[in-house]
Structure formats: C-alpha cells, structure tokens
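What follows is the residue order along each chain.
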Amino acid sequence: MSSTSNSNNSHNLALESKQDRPNTVRIPDRVDLRGSPRSRQGSPSHSPRLGPSRFLNGEKSGASFAGAELLGKLWGDRKKQPKNAKRKGGKVWYHKERVKGLVVLTALVGLFFLVDWIMLLRLQDHRVGSDDRSSRNASSVSAQVKVTKPSKGKKHYGGIYGRLLALAAHALAEGQNKREPKDLWQEPVVPASAWRPCADQRDWEPNEGKNGYIMVTANGGINQQRVAVCNAVVLARLLNATLVVPKFMYSSVWKDVSQFGDIYQEEHFIKYLAPDIRIVKELPEELKSLDLEAIGSVVTHVYVRKESKPSFYLKNILPILLQKRVVHFVGFGNRLAFDPIPFQLQRLRCRCNFHALQFVPKIQETAALLLERLHKHSAQPGLLDHYLVGPHAVAAMIARSDRAKASKYLALHLRFEIDMVAHSLCEFGGGEQEGQELEAYRQIHFPALTELKKTENFRLPSPAMLRSEGLCPLTPEEAVLMLAALGFNRKTQIYVAGAQIYGGTSRLAALTSLYPNLVTKENLLSSAELEPFKNFSSQLAALDFIACTAADAFAMTDSGSQLSSLVSGYRIYYGGGRMPTIRPNKRRLADIFVKNNTIEWKVFEQRVRKAVRQTKHVQSRPKARSVYRYPRCKECMCRTD
C-alpha cells in the first residue's frame, strides 16, 4: 500500500509540474526611475496572477531566485534524513514541508509586489511635475498621459517654464480665497511720503536767449523724445539761447509722423517755461533761408557723446552758436549728464518733465475714458488722474460715473517688442527660427551690432552670460511667474502696455491663462474711439503711459526702458508714497529662473518676493542716475521732515 501511495504521489507531482509550466509568466525585474517609457505591465492593477510554478522554472531573478534557493534547501534537508525517518513521516511530512515552503514563497512574492507598487507610485508622482523633460521625449509624453489622466479642463504648459507655470496655476487655483500679502499694493508709506514735489519753485531771472537759436530734432520713440525735449530746455538756459519748439524725427521702427504739437500742448509748454527760457515756434525769417548743414550749424549725435557734461557744450557748442546764430542738433537724445550739473539747471529739467509737458486734449479725453473703464466707472478719480488727463477730463469722468467702489488694477509693461529682443542679443527659447528672425532684424535696424559680431578678436558675451548678468528683458512667461510668486490673485485685473509682443498672441498664452482678467487699450476702447490714433504709435504710447502711471500698482519687466523709468518717476513725484512700483532685479531673478526644473514653488515664492521687496526701498537719487526715474533729490522734491 505504501508503494502504491508513493507511486501515485510521484505521478501527481509529475502531472502538476507538467500542467504548471505553460502558465509561467515573466514580470519586470525593476522599474526604471530615470523617466524612460515603460509598458503598463509594471502597474499593480495590470500585473499577472502568479502560482507556485513561478518558482519552479529555474529563473534566477528577483524573488524567484530566492524562492528556488529556499526550495532547494528544503529538498536537500529532506534527502539527508535516514531511510527509516522517510518512511515514518511518509505523506504527512511531505505535505507539511511543502505547505511551509509555499507560505514562505507567497510572502516573498507579496513583498516583491508591495515594493514594486510603491516605487511605481513614486515614479508616477515624479512624472506629473516633469513636463519639461517629457516634452523632449515624445514617447515619455504618451506614457505620462496614460498614467496621469489629467482632469477635465486642466491646462498643460510647454516650453522652458512648463513645470513652473503648472505649479503657479495650481497655487493660484488653491489661493483664490486667500488674502494677498499686505504690502502687495503698497509702498513703504512713511518714508516715501516724507518727500513732496517742489520742482515748480524758481529762484532766478528769465533767460533772454540773446546768444542765438537752438533747434532740436529728437529721435527714438515718445519716451526718448520726452527726455530729449527736457535736455534741450536745460541746454537753452545753459547757453542763453532761444529754443525753437522741438521736432521729432521719423523712425523706421515706430513709423510715426507725429510732431510735438500732436502730442503735447505747445501753448502750455511755452507759457509755463517762459520764466526760465525763451521759446518760439519757428526760426526768424532771416535764418530760415540758411543752409545750416553747409554753414556748419548741424551737430549730429555722433559729434556729442552720451551724457556729456555742461562744460562740453560751453566749450564746443557755444562758439558755433555765437558765430552762426543757430545750432541744429539732429538725433539729440540722452546727451546731457545728470551729474555734475548746477542745482537750478537740474531743477529746470524736473520742472520740464513733471510740469511743462502736458498731453493734448485729444489724448487726455481718450485716456480719461480708458481710466474710467479700468476703475469700473467709479465716481472717485485716481490719485494722479488730475495731473495726467487734466481737470476738464476728470470732471467729465465724475459726471459719467456712478457711486461704485473703484476697482484696483495692476499695469504691466511688457518690454518684449522685437526691437528690444533683437538688440539684447539674448535667446528666448525659440531655437534656430528665432535666431534667424532676430539676426535679419538686426541687419536692417542695428547694422552696427551685426558688424560688431563679425569683428575678429572681439567676442560678444554669450546669451547665457547676458542672462546671468540681468541684461535680458523678462519674457512674458517670466513676468507672469513673478506676479504669481508675489501673490497677485487670479482675479487681479491686469492692464498690459506695450506695442506688438514678439511672438504674438501665442507668447501671451501663459499670461492670459493664469490671469484671465487681462485687458489692453484695444479691448477697453472701441474702434471709433481709437480711430484718431490709428497709425500714430507715439500717441497710442501716450495712452499706455497714462494708464501705467495712474495704476494702483505698476510692474515693469525691464527697468532700463524709458517708459518704465518715466512712469515710475512720475508715480514717485506725484504719488505721495501710495503708488507702488514693482521693479525686478533681473540678475537675481535670472539666478532663480535657472533652477526652473528643480525648485519647489514655496521656495520660488520666497526668493522672488525677497528679490522684489528689496527694490521697493525708499532711497534718494543715486549719483549720476536719472532724475526722471529717481526724482527723490533736493533739486526735484523736498523733504517734509
């Protein structure tokens, strides 16, 4: 009977082994943690069911190898027992030992799948925040889509800052009902309010302008032209000359034929500065017929260095003026230094910028409509509205408005037009196509840069170095990340100023997605209201200047641009310490943005806020810096303490 039983057992074992072999399935040895694409067989929900035969096929990998080794040990121990013990245990011993082995092996299998499942979950979580790496590998993207199954309506961001933009969107969505930081819409009021405007005070006799006439043809856009006008006023006083109302040079970039009288009130300009200098609209008849270039009265920007000192003009220009009776400055811009310069001349420069230059009624009235709609038809005018659009336009605003509470808005100057982008020599993630476009633009509009790049033994700094030094304008993506990190709520109304953004509407996709309440003058004003300004870029820029200056908060992306400098200075001069300006330190921000693939959002927020907060410190004008941008100096403003 024992012999029969052993024979049956052997037959059953052989049959079990024969039936198990075809069902053996191999599982993956490991999960790749480097982000390479994997099939779904590693997912716990799709793993094959395994039986005891998994460990009888002789494979030497993972848990199967450990199981085979353990089973071999058990069989080996059984063989070493004496024959009488074998017979004595018989069938009962065999079943006990086999069950014991299978329990151990089942535990090992369960442990293996538990570890495998945990590692796969970590891999999936890691992939959710790694859009930037996945974008470089199409197969990784497809694998991610299968795993994450994004919720309906969820926005996916690509490009260099795809990961950070996704984190910003998540933070804004979570913080919709949270309070914004206390200082977000404020300046350091106490130290800032210690300064008050006083450039309108005079302490000298009028200048008769007896030494001759100064003509100025200013180049650049409206903001460069404004600086040129103020410098020309100071120069007329310095040389005791009569100033002819400045003219504006036609620019192939701006393509605007507007002249001084199309933008500023000529009569107010002449009358307000009469106690300082003599101003006329035209040259006298006897000088009109002269060929100024032939007689050597034309002085180009090549002849005058940037920010030349007053001594240069007294030594080199005054003799020409006395001899020829007229000097014509062509391409005159930032050609007068800020230091050293006599106190009263510096004050005259501030007086011209902040008091003498007022926009024409056409611009003021349209700008008043713009401000009215930005403030949601509030009956309460803004702090600077009176200075920007005049008392008549303010009165009309109040008459049309209701009693609703004024709505705050943030003005954002995106200095990302093609001229700025091309001149910077930086790269902005557009690859070879971007490089070709910008180089073609440089050859036409900045030929000197193109020639400089070809010069032997001279190497221009690399785009990476320029960016690390803070010499590249912020991209729209970097600008929106800065605003989100500072804590501006998703509902914030943002007025975007600037001409055509390089890259078009697609470049604004991240901004409009994170801040849907975004407006421009084009969608706040009707076509009929904008019609008088069509094809006049300088007059349109004047509307942007007014909207930015009157904003509850103003953010710039390039602190070196003329518009940003003039706007921030105007807000300081008339703001009474209640008109905050966000002036980013681009060098520090570049150091933060370069970590976009790894930095956590909380750390990003903290570092951006610290970098921007330090630029809000109230300080007097640093030596040799612009009085238009930093009017807190004794020549322009007076301290009340």
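Each remark here, short or long, concerns the structure printed above.
The text that follows walks through the structure, step by step, so that each part is easy to find.

What counts and how
- Residues numbered from 1 in each chain as written.
- Predicted model: local features only at pLDDT ≥ 70, side-chain atom pairs only at ≥ 80, totals over all residues.
- Heavy atoms only, no water.
- Disulfide = S-S within 2.5 Å.
- Helix = DSSP H or I, 4+ residues; strand = E, 2+ residues; numbered from the N terminus.
- Buried < 20%, exposed > 50% of the residue type's maximum accessible area, 1.4 Å probe, protein only.
- Core = buried A, V, L, I, M, F, W, Y, C linked by side-chain atoms within 4.5 Å.
- Contact = heavy atoms within 4.5 Å.
- Salt bridge = Lys/Arg side-chain N within 4 Å of Asp/Glu carboxyl O.
- Expected span 1.5 Å × (residues − 1).
- Phe/Tyr/Trp six-rings, centres within 6.5 Å; stacked < 30°, edge-to-face > 60°.
- Lys NZ or Arg CZ within 6 Å of the ring centre and 35° of its normal.

## Looking at the state of the cysteines
For step 1, the next point in the chain: Applying the stated criterion to the full structure yields 3 disulfides.
For step 2, the next point in the chain: With its sulfur 1.6 Å from that of its partner, C350 forms a disulfide with C636. In this pair, C350 sits in helix α13 (residues 343–356) while C636 sits in the loop between α27 (601–613) and β13 (637–639), placing the two residues 286 residues apart along the sequence.
For step 3, the next point in the chain: The disulfide that involves C426 links it to C472, with 2.0 Å between the sulfurs. Its S-S torsion of about -90 degrees marks the bond between C426 and C472 as left-handed, since a negative value means left-handed. Of this pair, C426 sits in the loop between α16 (418–424) and α17 (431–445) while C472 sits in the loop between α19 (463–468) and α20 (476–486), placing them 46 residues apart in sequence.
For step 4, the next point in the chain: Using a relative accessible area of 3% as the deciding quantity, one classes C426 as buried.
For step 5, the next point in the chain: Ordinal numbering of bonded cysteines along the chain defines a disulfide pattern of 1-6, 2-5, 3-4.
For step 6, the next point in the chain: Here C230 stays free of any disulfide, with the sulfur of C352 as its closest cysteine sulfur at 3.4 Å.
For step 7, the next point in the chain: Accessibility expressed as a relative area gives 0% for C230, which makes it buried.

## Some points on the nonpolar core
Within soluble globular proteins, side chains that are nonpolar tend to cluster in buried spots.
For step 1, the next point in the chain: With 95 residues, the main nonpolar core has F269 and F329 as its most contacted residues.
For step 2, the next point in the chain: Per-element tally for this core: the top contributor is helix α8 (residues 222–238), with 10 residues.
For step 3, the next point in the chain: Residues within four places of F269 in sequence aside, it is in contact with V229, V233, L243, P246, F260, I279, C352, A356 and L357.
For step 4, the next point in the chain: In this structure, L414, M482, L511 and A611 belong to the second largest nonpolar core, which totals 55 residues.

## A look at the pattern of salt bridges
For step 1, the next point in the chain: In this structure the tally under the stated criterion is 27 salt bridges.
For step 2, the next point in the chain: One salt bridge connects R632 with E187, and the closest N-O pair in it is separated by 3.4 Å. Of this pair, R632 sits in the loop between α27 and β13 while E187 sits in the loop between α6 (162–174) and α7 (189–192), and the two are 445 residues apart along the sequence. The pair R632 / E187 is uniform in exposure class, with both members buried.
For step 3, the next point in the chain: K521 is the partner of D544 in a salt bridge, and the nearest nitrogen-oxygen pair spans 2.9 Å. With a gap of 23 residues between them, D544 in helix α24 (residues 537–549) and K521 in helix α22 (residues 521–524) connect regions that are remote in the sequence. When sorted by exposure, D544 lands in the same class as K521, which is buried.

## A closer look at unusual backbone geometry
For step 1, the next point in the chain: In the segment running from D339 into P340, the intervening peptide bond is cis, with an omega of -10 degrees.
For step 2, the next point in the chain: Following the sequence through the fold, P340 ends up in the loop between β7 (326–332) and α13.
For step 3, the next point in the chain: You will see that E307, though not glycine, has its phi angle at about 50 degrees, which is positive.
For step 4, the next point in the chain: One can find E307 in the loop between β6 (298–300) and α12 (310–324).
For step 5, the next point in the chain: E307 sits in the partly exposed class, given a relative accessible area of 35%.

## Digging into α24
For step 1, the next point in the chain: Compared with the 18 Å implied by 1.5 Å per residue over 13 residues, the 18 Å span of α24 between its first and last C-alpha is a close match.
For step 2, the next point in the chain: What α24 keeps buried is the set S538, Q539, A542, L543, D544, F545, I546, A547, C548 and T549.

## Considerations on the packing of aromatic side chains
Aromatic ring pairs are reported here in terms of the distance separating the ring centres and the angle at which the planes meet.
For step 1, the next point in the chain: In total, this model carries 23 aromatic pairs according to the counting rule given.
For step 2, the next point in the chain: With centroids separated by 5.2 Å and ring planes inclined at 90 degrees, the aromatic side chains of F416 and F428 adopt a geometry described as edge-to-face. Residue F416 is located in the loop between β8 (410–413) and α16, and its partner F428 is located in the loop between α16 and α17; the two are separated by 12 residues in the primary sequence. As far as burial versus exposure is concerned, F416 and F428 are alike and both buried.
For step 3, the next point in the chain: Three or more aromatic residues joined by ring pairs form one cluster here, namely F248, F260, Y264, F269, F354, F359, Y387, F545, Y570, Y573 and Y574.
For step 4, the next point in the chain: Geometry around Y272 places R202 over its ring, the cationic atom sitting 5.1 Å from the centre.
For step 5, the next point in the chain: The ring of W204 has R237 sitting right over it, with the charged end atom 3.7 Å from the ring centre.

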